[in-house]
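Residue-level structure breakdown
Okay, here's what each chain looks like letter by letter:
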Amino acid sequence: MMDFLFEQRNTIVAFLIIGLIIALTLSIIKGRQIMATERTDLVFGNPAKALGGWYWIITGMSFVLLIWFYFSWDAARAYNPTAANELCQVAKVESAIKPMRSLFPIDKQNLRGTDLIARDSAQLERINNNLQTFALQRAEEVEASAILASLKSALVDQANPAYIKSNLIPEFAGIAQRINSLNASFSNPTFPGPPTNDQKAAAEAQPGWGDTGKEIPVLPATPLGYRYAAIAAEIRIITKDFSKLRNTNPHLLAQVADIDRRIKAAKAQTKANLDLSKSEQDARSKLYSQLNKMLKRIDDGAVYPPNSLSDVHLALLAFDKTHIEQQGSLKTFDTWMMPGGRIMAGNSACSEQGSGRWLPKPSDTLGTLVRISDPDIGFKDVPLLWYRWQPVGGMLAFLLPDWIANLVPGEYPRHNQYGEINSNFKSKVQDFVTGNYESFSIPIPMGHMWDSIIRVVIGLFFGIILGVPLGLFMGLSRFAKGFFDPMVELYRPVPPLAWAPLILTIFGIQDDGKIFLLFMVAFAIMVISARTGATGTQLSKIHAAHSLGASNRQILRRVILPNSLPEILTGIRISIGVCWGTLVAAEMLAGTTGIGFVENVARKQSDYEVIWVTIIILGVLGLMFDLIMRSVITRTIPWRGKG
Amino acid sequence: MSDLVSDNLNMKFTTPSGLVVHALKDVSFNLKKGELLSVLGPSGCGKTTLLNIVAGFLNPTSGTVKLGGTEIRGPGVDRGMVFQQGALFEWLTVAQNVDFGLRMKGADPIETAKKVDEWLEIVGLAGFGDTPTYQLSGGMQQRIALARCLINDPDLILMDEPLGALDALTREKMQSLVLKIWKETGKTIMIITHSVEEALMLGERLFVMAPRPGRLHKEYQLPFAEMGLTQDPRDIKKTQHFGEIREEILSMIWDMEEEIMGGGTL
């Protein structure tokens, strides 16, 4: 059932989006109609105007969902499932041609050669201006200056058509020719001919868009895709051939050899000069290494005479035009339906970059939730929420301290001369308190969600049963207030997470530390709220109880406690919220289970879908806790605010 | 025999700044069993302090109060109290409020339930036993407070401005109810009030207290409470006698207030 729904998710999403658009439109119309009827109310700031309004709730929810569907590209996938695969082929062409394009003023302002001459000339100039800082002798300085001048001429001479290698111009013409002929096949809808059966089978065998994780099927599967993939393969070869063509002409090579020799000579001379101090030696070797670096920059012949590449440039511009034209409606679809990012081709895979990556598709997120909800899969070998059979004896043993057996009179049995051990009453008690016996099992919940919930519940439980009595005591006694106030107020203002590293170090990364941290959080809140409640008891109620014959204990139990109940319950509600936030962060710091742990692992793996699943689970559980507390509050203290 | 006897009662408070306030000075009176006393006076005259001492919430600086020959030390069931706002336990139902005292004593629940029904009948709230108290109006709440106090069968009933927070109509009805209960149960009742008319209507005896230091200024013996048992209170209020005394007390209190305020010129 779930598998079927997952396979059909594109269709479901397509209908859902139409439904949401209808809901959005209708609710806006309804809302505007209601607004029109309220024109008679001239009062600005009338709170009654904020009451009700289910239609605006529908508007808001449909709006959020539509935004999610749109920016996660779920809408795009629902209406055009092959778009990503085709755009992947387009991206392959773009990534293949990129090294060639980067030489030309297509995506930037200048020719690459122009940039190189400007950059390297400026650098040579700078070294020349700083020559005196190296404290050279006269002869050395003259030679260094001369080397710099030679480097400069080696750089600019590359631009001189007189020196260019004889075969280079025809080679460029050949590249331009190959691009142009590829451009012609680009516009041919039947290029490169029907795919082979192997290609077809491979394309069909690959998983669909987002079926496994976030990747996009990389093999072409549509006519447009086949064409772009073939063009990409061709253009990759052309680019490779083009990059081999360098302006390393004999003139340049001679210049480079000469400069190299002169730098080496200068170096050797420096070394031989024993009059130079260590710092003078160092300064010179620094200068010569700078000169060497400049030589390495210049010697690869990356600058060509102006206009020598014009043919290739024109061919690329024409290719660009066809590349965009041939995408046709796909280009429009990419622009409007896949906002906030684009599809990029890597070496062996295509991926969504931008919002399509970090904002998972709602349908995939739901699919991931369903997948890791399966107890056999779970996350890191632990289910989200499941149960296991647990022997009652073991649980009882957990509650009973082991030293009970020590209190039983008598000795533990010893083995006798035959090596037998005869159990006695004391050893049987020991077996009982350590759970060392056969007992029936009962199902106990387990899993990441359960672990998180139970930690909050236990921490909260101890916070309440210890915090409330202390709070009431502090509300009634000046001594207790003065004595305990500094202790509570010293640790309470510290953000709970600031305590986490310390507490987790002391108690270990297992449950104890987290529960103690949550206990600390809940305890402070409960103390303060119970104290507020006790302080707020009207004196006349206590007077009345006194004159009705109630004892001090009865007054505490029957008057002060119920009177503080609203504050106590509000305190519990706040505690749950704060504990929930603290717990998740504490689980991220340390631990091996819990929703926060899941989120942290997913973060390390950049698994955005699981991150979103944990966010949703945390939100829903938090909301559930709050709804439970709200209903408890309305049920147990209906008199609140009416007394 | 269960008279309330106050003997040279003095109460001094020391404020945190060291100022000594003489809240009560040499207050002596004798209230016989079954008498209905109302206490009237401007604010700060020590009415509530007197009531709190009688209730046992405060320890007097000197002097004694005895109820039925026993000195009052601490609160007790023999003195029931009714407060201005009712001071009901809003987390309990009407019946649970009324039987609070009996439950604290651990009385038999069946007996208690019977008594609760009786008292709810008397204060005119029969059938409201299971209603939460916060749903009731101020007048109804005050009736519950009365029933809650009376079910304990106290020797003395102390009322601290019991009708102060009620609207005029409810107030008149409640005054009749108090008179009825006084008549039917024969309890000694001490009422503290701000309202002169109420003090006249609900006082067989009336103390007017004066401030600084708080003391008994004048005592009246009045016929109106007795008359109120048989006649319409509104008719009583129209009589010349009632009017004269009302004017006399009003101008007395007016003078006291003037003295406190320093006789401000209008």
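Computed from a predicted structure; not experimentally measured.

For chain A, the count of helices and strands is 27 helices and 4 strands. Relative to a compact globule of 643 residues, whose C-alpha radius of gyration would be 26 Å, chain A shows 39 Å and is clearly more extended. For the C-alpha atoms alone, the extent of chain A along its principal axes is close to 120 × 80 × 80 Å. Considering only residue pairs separated by 6 or more positions, chain A has 78% of its internal contacts joining residues 24 or more positions apart.

The secondary structure content of chain B amounts to 10 helices and 10 strands. The principal-axis extents of the C-alpha atoms in chain B amount to approximately 60 × 45 × 35 Å. Taking all 266 residues of chain B together, the buried fraction comes to 42%. When contacts within chain B are restricted to residue pairs at least 6 apart in sequence, long-range pairs at least 24 apart make up 69% of them.

Spanning 29 residues, helix 20 (residues 448–476) of chain A covers 42 Å between terminal C-alpha atoms, matching the ideal 42 Å at 1.5 Å per step. Its maximal kink placed at G467 of chain A, helix 20 of chain A deviates by approximately 30 degrees, while the proline P469 of chain A follows within four residues.

All names here are of chain A. At a minimum axis distance of 11 Å, the contact between helix 6 (residues 112–129) and helix 12 (residues 278–298) shows a crossing angle of 165 degrees. Accordingly, the angle class assigned to the pair helix 6 and helix 12 is roughly antiparallel. The handedness of the crossing between helix 6 and helix 12 is left-handed. Residue-level contacts link D120, Q123, L124 and I127 of helix 6 to Q290, M294, R297 and I298 of helix 12. The residue inventory of the contact of helix 6 with helix 12, partitioned by class, reads 4 nonpolar, 2 polar and 2 charged.

The next subject is the sheet that holds strand 3 (residues 36–40) of chain B. Residue and element names in this part refer to chain B. Spatially, the 6 strands line up as an open sheet ordered 6-7-8-3-9-10, and their pairing is mixed. Strand pairing shows two members of the sheet lacking a second neighbour, strand 6 (79–82) and strand 10 (215–221), which therefore form its edges. Across this sheet, the average inter-strand angle for adjacent strands is 20 degrees, counted without regard to direction.

So, on to helix 1 (residues 47–55) of chain B. Residues and elements named next belong to chain B. When you tally the buried positions in helix 1, you get 8 out of 9 residues, the bulk of the element. Within the span of helix 1, buried status applies to K47, T49, L50, L51, N52, I53, V54 and A55. Two residues or fewer past helix 1, G56 is found with a positive phi of approximately 95 degrees.

Let's shift gears to the sheet that holds strand 1 (residues 4–14) of chain B. All names here are of chain B. The antiparallel open sheet is built from 4 strands, whose spatial order is 2-1-4-5. What marks the edges here is a single partner per strand, and that holds for strand 2 (20–31) and strand 5 (70–71). Summarising the sheet, strand 1 and strand 4 (residues 62–67) pair through 5 bridges and their orientation is antiparallel. Looking across to strand 4, one finds that S6 is bridged to V65.

A separate point is the pairing of strand 8 (residues 188–193) of chain B. All names here are of chain B. Most of strand 8 is tucked away, with 6 of its 6 residues classed as buried. With burial as the criterion, each face of strand 8 is covered, one bearing T188, M190 and I192 and the other bearing I189, I191 and T193. One ladder, built from 5 bridges, connects strand 3 with strand 8; its direction is parallel. When the bridges of strand 8 are listed, S38 appears paired with I191. As paired elements, strand 7 (residues 156–160) and strand 8 share 5 bridges and run parallel to each other. Bridging across to strand 8, D160 finds its partner in I192. Note on the crossover from strand 7 through helix 6 (residues 168–185) to strand 8: the handedness is right-handed.

What follows is about the interface of chain B and chain A. Accessible area lost during the coming together of the parts is what is often quoted as the interface size. Taken together, the contact between chain B and chain A spans 21 residues of the former and 17 residues of the latter. Elements with a contribution of two residues or more to the side of chain B that touches chain A: strand 6 and helix 3 (100–105) of chain B. Sorting elements by how many residues they give to the side of chain B that touches chain A places helix 3 of chain B first, with 4 residues.

On to unusual backbone geometry. For the peptide bond that leads from F191 of chain A to P192 of chain A, omega is -5 degrees, which places it in the cis range. Relative to the helices and strands, P192 of chain A is located in the loop between helix 8 (168–186) and helix 9 (197–205). Note that the residue after R212 of chain B, namely P213 of chain B, is joined by a cis bond; omega there is -10 degrees. The residue P213 of chain B is located in the loop between strand 9 (205–210) and strand 10 in this model. The backbone phi angle of S606 of chain A is positive, close to 50 degrees, even though this residue is not glycine. Of note in this structure, D26 of chain B is not a glycine but carries a positive phi near 45 degrees.

With that settled, the discussion passes to the domain arrangement of chain A. Partitioning chain A into structural domains gives domain 1 (2–71), domain 2 (82–334), domain 3 (391–444) and domain 4 (447–636). Relative to domain 2 of chain A, the C-alpha centre of domain 1 of chain A lies at a distance of 54 Å.

The next point concerns the packing of helix 22 (residues 496–507) of chain A against helix 23 (residues 511–535) of chain A. All names here are of chain A. Interaxial distance between helix 22 and helix 23 falls to 8 Å at its minimum, and their mutual angle equals 145 degrees. Where helix 22 crosses over helix 23, the two elements pack in a sense that is right-handed. Across the interface between the two elements, P496, W499, A500, I503, L504 and F507 of helix 22 pack against D512, G513, F516, L517, M520 and V521 of helix 23. Looking at side-chain class alone, the contact of helix 22 with helix 23 contains 10 nonpolar, 1 polar and 1 charged residues.

Let's shift gears to the nonpolar core. Judged by nonpolar contacts, the single largest core of 131 residues is most densely connected at L518 and A522 of chain A together with V54 and M190 of chain B. The contact partners of M190 of chain B, leaving out residues within four places of it in the chain, are L31, L37, V39, V54, L156, L158 and M159 of chain B. Among the nonpolar cores identified, the runner-up in size contains 60 residues, and L151, I175, I235 and L316 of chain A belong to it.

Looking at chain B, the pLDDT average stands at 85 and 97% of residues meet or exceed 70. Across the whole predicted complex the pTM is 0.79, and at the interface the ipTM reaches 0.90.

Rules of the game
- Residues numbered from 1 in each chain as written.
- Chains lettered and ligands numbered in written order.
- Predicted model: local features only at pLDDT ≥ 70, side-chain atom pairs only at ≥ 80, totals over all residues.
- Helix = DSSP H or I, 4+ residues; strand = E, 2+ residues; numbered from the N terminus.
- Rg over C-alpha atoms; globule rule 2.2 N^0.38 Å.
- Contact = placed C-beta atoms within 7 Å.
- Buried ≥ 20, exposed ≤ 12 C-beta atoms within 10 Å, placed from the backbone.
- Expected span 1.5 Å × (residues − 1).
- Bend = angle between axes of the 7 residues up to and from the residue.
- Axes fitted to C-alpha atoms, helices over the stretch in contact; angles between N-to-C directions.
- Parallel < 35°, antiparallel > 145°, perpendicular 65-115°, else oblique.
- Left-handed = near helix turned anticlockwise from the far one by under 90°.
- Nonpolar A, V, L, I, M, F, W, Y, C, P; charged D, E, K, R; others polar.
- Pairing = 2+ DSSP bridges.
- Right-handed = clockwise from strand over helix to strand, strands pointing away.
- Domains from an automatic or database assignment.
- Core = buried A, V, L, I, M, F, W, Y, C linked by C-beta atoms within 7 Å.
- pLDDT = per-residue confidence, 0-100.

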